[in-house]
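Examination of the molecular architecture
Here's the letter readout for the chains.
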Amino acid sequence: MNSGSTDASLMLHVRPRQLLLLARLDAHRHLGRAAEAMNNSQPAATKLLQQLEDSLGEKLFERLARGMEPTPYGEILIRYARRVLSDFGTAREEMLALRSGLSGALRVGSVPGAVPELLAPALVEYHRRHPQVAVSVVVETSDVIQAQLEQGDVDLVLGRLTDRHDEAKYASVPLLGESQVVVRIAHPVFERPTVTLAEMANWSWVLQPPGSPQRGRFEAAMREAGIQARLDIIETASPIAITALLESSDMAAVMPASQASHYARLGVLRTVPVELPVRVPPICLITREDRALSPAAPQLRRQLVGGGGSRWVGDLHAVLR
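Our subject in this report is the structure included herewith. (Residues numbered from 1 in each chain as written. Predicted model: local features only at pLDDT ≥ 70, side-chain atom pairs only at ≥ 80, totals over all residues. Heavy atoms only, no water.)

1. Some points on the sheet that holds strand 7 (residues 179-184)
Inclusion rule: Any two strands between which DSSP finds at least two bridges are classified as paired. Starting at the N terminus, helices and strands are each numbered in turn, a helix being any DSSP run of H or I of at least four residues and a strand any DSSP run of E of at least two. To obtain each axis, a line is fitted to C-alpha atoms, and for helices this fit is confined to the stretch in contact; angles are then taken between N-to-C directions over 0 to 180 degrees. In what follows, residue pairs with any heavy atoms lying within 4.5 Å of each other are defined as contacts.
The strand order across the open sheet formed by 5 strands is 9-8-10-7-11, and the pairing between neighbours is mixed. In this open sheet, the two edge strands, each paired with only one partner strand, are strand 9 (232-235) and strand 11 (269-271). Between one strand axis and the next, the sheet turns through 35° on average, direction left out of account. Direction of pairing for strand 8 (residues 204-207) relative to strand 9: parallel, over a ladder of 4 bridges. By the bridge assignment, Trp205 is partnered in strand 9 with Ile233. Along the sheet, helix 9 (residues 213-224) contacts strand 7, strand 8, strand 9 and strand 10 (252-256); its crossing angle with strand 10, the most-contacted strand, is approximately 120°. In this fold helix 11 (residues 257-265) packs onto strand 7, strand 10 and strand 11, with an angle of close to 115° to the strand it touches most, strand 10.

2. As for the pattern of salt bridges
To keep it simple, the criterion reads: Salt bridges are defined as contacts in which a side-chain nitrogen from Lys or Arg sits within 4 Å of a carboxyl oxygen from Asp or Glu. Relative accessibility decides the category of a residue: with a 1.4 Å probe and only protein chains considered, values under 20% of the type maximum give buried, values over 50% give exposed, and everything between is partly exposed.
Within this structure, the stated rule accounts for 14 salt bridges. The partner of Glu62 in a salt bridge is Lys59, and the shortest N-O contact between them spans 3.3 Å. In this structure Glu62 comes out as partly exposed when scored by relative accessible area, which is 36%. Between Glu150 and Arg288 there is a salt bridge whose closest N-O contact spans 3.8 Å. Taken together, the residues Glu150 in helix 7 (residues 142-151) and Arg288 in strand 12 (residues 283-288) connect sequence positions 138 residues apart. Glu150 sits in the partly exposed class, given a relative accessible area of 27%.

Spelled out as structure tokens, the structure:
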């Protein structure tokens, strides 16, 4: 390959039909069958491949007695060709969806803290634009909804990557951070001028179950602060249960700042003025790198982060002919 050529100049010599031929050759490993799959003649396919190899200055396929095998250079370009064709299919699918109006189903997993400021406003606007899409929402802890994403039960997740999962499998965009301690509006703590973390260790708490990122980091932060006392805890991941328990007692809970602000606006809960040594990673929009989004999902992803798209593979033959 000519090292003096720029990427832009080389791209001018790469044609869409050549990329489609590479994909067909990878599938059939035979030039004649690849040409037939493109409704093309074998001499024309041979010419397309030869022109591409000449442009790049590398041999892409080995001609064998009964077929063809890609060289290491060919393997690299095949992967590139598949990405290009996949991305083109994504754009075509989304254009068709916009033209006809989205339909189908959208399944979202979310931690409670992402609902008030992120998910709820986005879904209201999404439903206004795409009323034919059936939307379902699962609100759970990060470990639960990420397992659902792994199994394909949800299309995308608003949560945090947990240690149990391989980060390389996921695309993650940070959206919300910070955590706060919340209690009921008339909690006696507000009658005192100050409150310390050591005093709070003697309170009763409503915390998410073990395995959730928030729970693990909260307990680790207490230990790092030198607080060894065993905490009095009720465990639940249900926002309704947490809110009801706080309203009915002097218990405390840890919530993302966005969720705490939501309940404060409703006059239900109040934030305790204490610096909490909990460094919880931000809430992220998480999707699978190795699985295409459903056609209804990219629109919501764009509303949340301002870009992106699925990797749907369409039928490109009529477009590239």
